[in-house]
Structures are given as structure tokens and as C-alpha cells.
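Topology and contacts: notes
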Amino acid sequence: MGGCGHVGLPLALSFAQAGLRVGIYDIDTAAVECVRGGRMPFLERGGQELLTAVLATGRLELASEPEILRKTSTVVLVIGTPIDEFMNPSTKVFERILDELVPYLEDGCLIVLRSTVYPGTTDFVAARMRSAGLQAHVAFCPERVAEGAALEEISTLPHLVAGVTEEAYERAWELFSKLDVEIVRTTPKEAELAKLFTNAWRYMKFAIANQFFQIGHRAGVDYGRVLEAIRHNYPRAADLPAPGFAAGPCLLKDTMQLAAFSPDHFPMGQSAMVVNEGLPTYIVDVLNYRRPLAGRTLGILGMAFKGESDDPRTSLSYKLKKLATFKGATVLCTDPYVSDPDLRPLEDVLARSEVVVVAAPHKAYRDLDLGEREVVDIWDVTGRGIRL
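I will try to describe carefully the structure that is included in this document. Keep in mind that what you see is a predicted model, and the values were worked out from it rather than measured. (Residues numbered from 1 in each chain as written. Predicted model: local features only at pLDDT ≥ 70, side-chain atom pairs only at ≥ 80, totals over all residues. Heavy atoms only, no water.)

A short note on the pattern of salt bridges
Enumeration according to the criterion identifies 17 salt bridges in this entry. Its salt-bridge partner being Arg185, residue Glu166 comes within 2.7 Å of it at the nearest N-O pair. Placement of the pair is Glu166 in helix H7 (residues 166-177) and Arg185 in strand S7 (residues 183-185), with a sequence separation of 19 residues. Take Glu166: its relative accessible area is 42%, and that puts it in the partly exposed class. Since its relative accessible area comes to 46%, Arg185 is described here as partly exposed. Taken together, the salt bridges that share partners define one network made up of Arg290, Arg296, Glu354 and Glu374. (Salt bridge = Lys/Arg side-chain N within 4 Å of Asp/Glu carboxyl O. Helix = DSSP H or I, 4+ residues; strand = E, 2+ residues; numbered from the N terminus. Buried < 20%, exposed > 50% of the residue type's maximum accessible area, 1.4 Å probe, protein only.)

Considering a nonpolar patch on the surface
A surface patch of nonpolar side chains, about 250 Å² in accessible area, is lined by Ile208, Phe212 and Ile215. According to the relative accessible area criterion, Ile208 is partly exposed, its value standing at 37%. (Patch = residues over 30% accessible without salt bridge, like charges linked within 9 Å, V, L, I, M, F, W, Y side chains within 5 Å. Areas by Shrake-Rupley, 256 points an atom, 1.4 Å probe, with all protein chains shown as cover.)

So, the packing of helix H4 (residues 92-101) against helix H5 (residues 121-131)
Contact geometry of H4 with H5 gives a least axis separation of 11 Å together with a crossing angle of 35 degrees. Of the two elements, H4 crosses H5, and the hand of that crossing is right-handed. Each of Phe94, Glu95, Leu98 and Asp99 in H4 lies in contact with H5, whose residues at this interface are Thr121, Phe124, Val125, Arg128 and Met129. Its residues assigned to classes, the contact of H4 with H5 comprises five nonpolar, one polar and three charged. (Axes fitted to C-alpha atoms, helices over the stretch in contact; angles between N-to-C directions. Left-handed = near helix turned anticlockwise from the far one by under 90°. Contact = heavy atoms within 4.5 Å. Nonpolar A, V, L, I, M, F, W, Y, C, P; charged D, E, K, R; others polar.)

Points about the sheet that holds strand S3 (residues 74-77)
Taking strand neighbours across the sheet as the criterion, the five strands line up as S3-S4-S5-S6-S7 in an open arrangement whose pairing is mixed. Whereas interior strands pair on both sides, the edge strands pair on one side only; in this sheet they are S3 and S7. In this sheet, adjacent strand axes meet at a mean angle of 25 degrees when their direction is disregarded. Direction of pairing for strand S4 (residues 110-113) relative to strand S5 (residues 137-140): parallel, over a ladder of four bridges. Paired with Leu113 across the bridge in S5 is Phe140. (Pairing = 2+ DSSP bridges.)

The structure is reproduced here in C-alpha cells:
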């Protein structure tokens, strides 16, 4: 369920490749028709080739109605915990969806939660099923993949498998063992926290990189040279990331979930949110201080949340656009992958912009000749050093 998205579809294709018959249920009818027609609805390395091959086997069935669930005793829910208007996790989506699904599920079915969830959600789902009169075995097997590399990582990374009961674990183990991967057994809450800790850790690493960049910039040094000096042949600092926008549908949200789970006891995570979400503001403020943006044209190269992606969800490029517009700039945006009617061709943006911000590290921008115009490139995509 939710099988046409960035998490569900690669998993569905992987199971089908392993020889299982797989049904994809998704309420996004456009995505369902896209996949049924043999086209990947998003960028995923190897995805198009695998989709073509799997459809030819007849092992993949797609539907936008829940009746397809009557055909199976194993359901994988690819539905994460959303953040509500108060920046807190909400279980309402699980309450609504589970109540809708119960009439289509059979006693003794296995329900696997795949997306990142708030700690305690797996036990909540099991209790919800019991209260609805359904005897279901509930497991949590969190996805651990990066968009664009999901197919490769599903088949190579260890999978965490946790069951509310022994039978739930054994059946979930049997399902994921079809992928011929290493399986790490945990309890549900251990797995829930492990996934949140992983994403929050990555988010905090990006935050310290962005904080170091701002400190170095204020000090008037070339941060690229500082970063090279730190990491050069020095293994204990090899994992210090370069600065850049830390966004996307997971890292910020999961750091928020962890902060909500430990109120007033996660200041590092809260500080990371301030730093990462504040980077567009820092860039705009520096540009506006140097020379007011009012009346000038600013071009943003890259609207996806990361390089070589077509996913604009929670991309900080859009926040940058809004902040620069507030300062009075005319903002033109481009991206080679993102579908957005407001985007313009790269040539048009470059021809009209006095200031250019490389906001996503797409390969298409490498070695781009940006002339003498003012350039912001904190990723060093263009190969001329970190610039602001």
C-alpha cells in the first residue's frame, strides 16, 4: 500500500524480481497508470529497466482500489508518520487508513510497516487491529535507502526486522529473506528509534558542516581550503560533509519526531533544525548586505532537494526563492529534472540573472561557465571553490 512512491515502488520491484507475485495499491491513480504503462514516475537508477523486465513476467499487479488486498495475506504499508500543524507527529493517518483497510484484510495476515514512524506506532497498529476484531501479525521493517539508489541498497544493505510477536517476526523474516540480504533482529521500539537516530544523526552532521561554513565565511577565509585541510589524509575527519542545503522528505521530519519524543531533551536536534533551515536566510542576508537585492534578478539553479533527483519535496531552494522575493528580487528558477510549470530553461535563467545561486548539486552544472556575474556555490559544483 502506497506502492508507487519512492519507497514502495523499488521494494515492490525488488520483491517481484525475487520471484514473488506483488500487488501495488496506491490511491494516486496517475502514478498507478504510469507504472502500469511501463514508465517509472520518478528517477531511480536501474528502475526503468527493472520495471520493464518485471512487467513482462506478469508478477506485478496494480490497483487504485483496496479490493486488491483481498488477494493477499501479506500487506506492506508504506505510510510514514506526518507532522501536524504544531510540528508534532500525528497518528491520525494510521487511524484512518487502518480503519479503511480492516474490511479487506483477513485474520492471520501479516502487516509490515515500512516507512519511518514515531516510536510506539508499531504497537499502536497492533492494538488498533485487535480493537477492530482482526487477528493480525504486525512487524516493522524500516526502509534505509537513499532516493535514486533504492534498488541497489535494498539488495545490499542489512534490513532491520522487528515483530510485535514471535510469529510476526518469523513471517517478516521469511518475507525479507527472499531478497537474500542480511537481517538484523530488533524489538519494534528499537527499530523505530534506530531509524530516527540514523536520520537525525545525518541531519546533525549536515548542520555542523553548515555551521562551520558560516563561521569560516564570517571569518573571511576560504572554507573550501579549510575543509580540504581538515580532511586531507586525516581519517578521523573524513566523514565531515561539505556544506549545502539539507532537506527532503525525511531528515527534518524525523528530527522533529525525535524532538517530540524527547521534549526539552534534544537540544542538539533542535539546533540542527535552526542551522539547516536557516541556511537560505544566511545566503540571502549576505547577498542583500553586499548589495541590495531589490530590483535585481537572481537565478536559482536546481530546485530538487538533492542532486540528480527530480523530487522537490521540502526543497530549501523554494525557501531561498521566497526569501529573495521578499527582498525585492526577481527570481528565476531552473532544474533539469523537476517538473514545475514555473521553471525556466537554464539558458534563459543564465542570460537574465545578475546573481546565480547553485542550489542543487546536479551534474549538469559542473564546469558551467557563469562568467563574471555574482555566484553562490556552497556545494562547489562548478569546480571553482566554495563561493558566497
